[in-house]
Amino acid sequence: MLVMFMVVPLFCAFLITLAGRRSKNLSEYTAQGAAAMLAVGAILLMRSVLATGTIVNAVGGWRPPLGICMVADGFSAFMLVIVNCVSLVVIISASDSMRWYTEKWKFYTLLMLLIAGMNGVIMSGDLFTLYVFLELASVAGYILVAFGTEAESLEAAFRYAIMGSLASILILLGIALLYSYASTLNMADAATVLTAHPKGILVGFVSVLFLAGFGFKCGLVPFHAWLPDAYTTAPAPVSAIFAGTLSKTLGVYALCRIFFNVIGICPRTLHIFMALGLLSMVVGALLALVQDDTKRMFAYSSISQIGLVVFALGIGTPLAVFAALFHLGNHASFKALLFLNAGALEQAAGYRDMKKAGGLGAQLPVTGVTGLFASMSLAGVRPFAGFWSKLLIIIAAIQARQYIPALIAVLASVLTLAYCLKFLTRTFFSSANKPQRALREAPWSTRIAMVALATVCAVGMLALTPAFKPYVRCAADALMAGTGYKDAILMVIKT
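In this numbering scheme, every chain counts its residues from 1 along its sequence in written order. Note on the predicted model: pLDDT of at least 70 is required for a residue's local features to be given, and 80 or more for side-chain atom pairs to be given and counted; whole-chain, interface and lining totals, by contrast, use all residues. Heavy atoms from the whole structure form the basis of all side-chain values; hydrogens and water molecules are not counted.

Undergrad: Tell me about the environment of Ser124, residues and numbers included.
TA: Counting from the N terminus, the helices are DSSP H or I runs at least four residues long and the strands are E runs at least two residues long. Inspection of the secondary structure puts Ser124 in the loop between helix 4 (104-123) and helix 5 (127-145). A sequence separation of 268 residues divides Ser124 from Leu392, and the C-alpha atoms of the two residues are 30 Å apart. N or O atoms within 3.5 Å of each other form a polar contact, as long as, within protein, one can give a hydrogen and the other can take it, and as long as residues adjacent in sequence are counted only when both atoms are side-chain atoms. From its side chain, Ser124 meets the backbone oxygen of Gly120 in a polar contact 2.5 Å long. Only 3.4 Å separates the side chain of Ser124 from the backbone nitrogen of Leu130, close enough to count as a polar contact.

Undergrad: So what's going on with a nonpolar patch on the surface? Which residues, and what values?
TA: Only residues above 30% relative accessible area that lack a salt bridge enter a patch, with like-charged residues linked at up to 9 Å and the nonpolar side chains Val, Leu, Ile, Met, Phe, Trp and Tyr linked at up to 5 Å. For every accessible area listed, the method is Shrake-Rupley and the probe measures 1.4 Å; residues are considered covered only by the protein chains on display. Salt bridges are counted wherever a side-chain nitrogen of Lys or Arg sits within 4 Å of a carboxyl oxygen of Asp or Glu. A grouping of Val3, Val7, Phe11, Phe14, Leu15, Leu18, Val59 and Ile68 is seen on the molecular surface, where their side chains present a nonpolar patch of about 670 Å² in accessible area. As for its placement among the helices and strands, Val7 is situated in helix 1 (residues 4-19). Among the residues examined, Val7 registers a relative accessible area of 45% and is labelled partly exposed. Only protein chains enter the accessibility calculation, which uses a 1.4 Å probe; a residue whose area is less than 20% of its type maximum is buried, one above 50% is exposed, and one in between is partly exposed.

Undergrad: Which residues make up the pattern of salt bridges, and what values do they have?
TA: Oppositely charged side chains can pair when the atoms bearing their charge come close. As enumerated under the stated definition, the model contains six salt bridges in all. A salt bridge links Glu155 to Arg159; its shortest N-O distance comes to 3.0 Å. One end of the pair, Glu155, and the other, Arg159, are both in helix 6 (residues 151-182), four residues apart, so they sit about a helical turn from each other. A salt bridge links Arg296 to Asp229; the shortest N-O distance between them is 2.6 Å.

Undergrad: How would you summarise the pairing of strand 2 (residues 69-72) if you had to cite specific residues and measurements?
TA: Regular strands show a simple pattern: their side chains alternate between the two faces of the sheet. Residues of strand 2 alternate between two faces, with Cys69 and Val71 on one and Met70 and Ala72 on the opposite face, all of them buried. Strand pairing requires that DSSP identify at least two bridges connecting the strands. Where strand 1 (residues 55-58) and strand 2 come together, four bridges link them in antiparallel fashion. Across the sheet, the residue bridging to Ala58 is Cys69, located in strand 2.

Undergrad: Explain the side chain of Thr245 residue by residue, including any values.
TA: Here Thr245 lies in helix 10 (residues 236-264). Of the residues examined, Thr245 reaches a relative accessible area of 1% and is grouped as buried. Residue contacts are defined here by distance: any two heavy atoms, one from each residue, within 4.5 Å place the two residues in contact. In this structure, Thr245 is in contact with Ile82, Val83, Val86 and Met118, ignoring residues within four places of it in sequence.

Undergrad: Talk me through the nonpolar core; I want residue IDs and the actual numbers.
TA: Counting 187 residues, the largest nonpolar core has Leu114, Phe210, Phe311 and Leu325 as its most contacted members. When residues in this core are grouped by element, the largest group, 20 residues, is from helix 13 (residues 318-349). Not counting residues up to four positions away in its chain, the partners in contact with Leu325 are Phe75, Phe78, Val472, Ala475, Ala476 and Leu479. What makes a nonpolar core is a set of buried Ala, Val, Leu, Ile, Met, Phe, Trp, Tyr and Cys residues whose side-chain atoms join them at distances within 4.5 Å.

Undergrad: How would you sum up the environment of Gly204? Please name residues and give values.
TA: For Gly204, the location among the structural elements is in helix 8 (residues 201-218). When the C-alpha positions of Gly204 and Ile263 are compared, they lie 9.6 Å apart, and in sequence the two are 59 residues distant.

Undergrad: Summarise the packing of helix 14 (residues 365-379) against helix 16 (residues 403-429); cite the residues concerned and give the values.
TA: It is the contact of helix 14 with helix 16, at a shortest axis distance of 9 Å, that shows an interaxial angle of 170°. Regarding the angle of helix 14 to helix 16, the classification is roughly antiparallel. Each of Thr367, Gly368, Gly371, Leu372, Ser375, Met376, Leu378 and Ala379 in helix 14 lies in contact with helix 16, whose residues at this interface are Ser413, Thr416, Leu417, Tyr419, Cys420, Leu421, Phe423, Leu424 and Phe428. Considering only residue class, the contact of helix 14 with helix 16 consists of eleven nonpolar, six polar and no charged. Angular values range over 0 to 180 degrees, each being the angle between N-to-C directions of two axes fitted as lines to C-alpha atoms, with helices fitted over their stretch in contact. When describing relative orientation, an angle under 35 degrees is termed roughly parallel and one over 145 degrees roughly antiparallel, while 65 to 115 degrees is termed roughly perpendicular and anything else oblique. Note that Gly is not counted as nonpolar here; it falls among the polar residues with everything else outside the nonpolar set of Ala, Val, Leu, Ile, Met, Phe, Trp, Tyr, Cys and Pro and the charged set of Asp, Glu, Lys and Arg.

In structure tokens form, the structure reads like this:
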């Protein structure tokens, strides 16, 4: 079952490449069917992990550390649910919106490769396999950014490819140096070696390489220069899946897995996480506040919200890690929705500039209402899901006696509310620039996707109820186990 999350999208990418150009709808139906299968499989796997514990699959029958293994614990299963459920919604939304670009079979092929890469990063039990799938997802991402084929899209994709390649080099160098120290690439085995031996200068240097490399992938300040242009110029479904899943998988997930479960977290690392998180939170919010382009504003907002997640991880307490993962899931839903809203507005009105917009809510009611839900969840307004995760993060900071960082997080949330209100008033509720022509609502597939994500924003607080809280708690416990991750893996392998 674990290998299915890579095999299914890779096979579908191959099938779409062979037959997609001959059949108008085959690529679309194949991608939607595969995404639905993966989303259901991720939910079933999450339930299985919660019931039975960590699951390990030795690929080809070769037991680790000699062979490659795929691992599903609480954290990886939780991320699989986020990645594959958001991907399913985005693929549904792309049914009509991507017809304005080049042939859809090319888009779905790249999207399947992207999903296979993200799932592979999440499931990998050794560092080199993680790197291979990270590169697969990255290369597919570079091409998807350029899918609009306009000059600015090509320029943004080139910049993204250059900076992404630099980040990949840093990560590969870190893996090579860690292998020279631990003589193994298996994460559990490497954690065993690092636990038994004192960490010297080499391990510290490797930590810096990983922090910079994965910081690039998730867009933390000061490694964020590629992100605004890439998110702004890419087609709306691509921006949605980038903001909803890609940065979290290639950046936040890998960062957490390596630092919490392999190298081992320490107070100095937690302080660095907090500092980078606070810097990203504030800089992203301030830059978002001065934007007039809706997609660029949401791109800077993504930097701010990822900063909030990394800040919460830096607090390091069980409540803070739980809140960070809760907010990670919330961010996947409301940020993917906001980029779909921005795409629907651009398709209907022909522009993204909020100075030109106004009074669009009456003609685009579904886009307006779902945009309201997403913005209020992003801003942390009660009773939407974002309020509860932000509240838990601030409570965790206060409990850890991080009073000034907690105050900064509150002020960043105020800035977030300011630019969310700016987006809503200028775009939907202002009558200053009412359109002179009738506008058409987004296609039905995009409306279905927006309503589904808006529903998650509205009922996301159910993750705190006894029925759903164990799933988030299981993911948080996997991180809080620290290098005890190795014990769970090795115990399963021995049995």
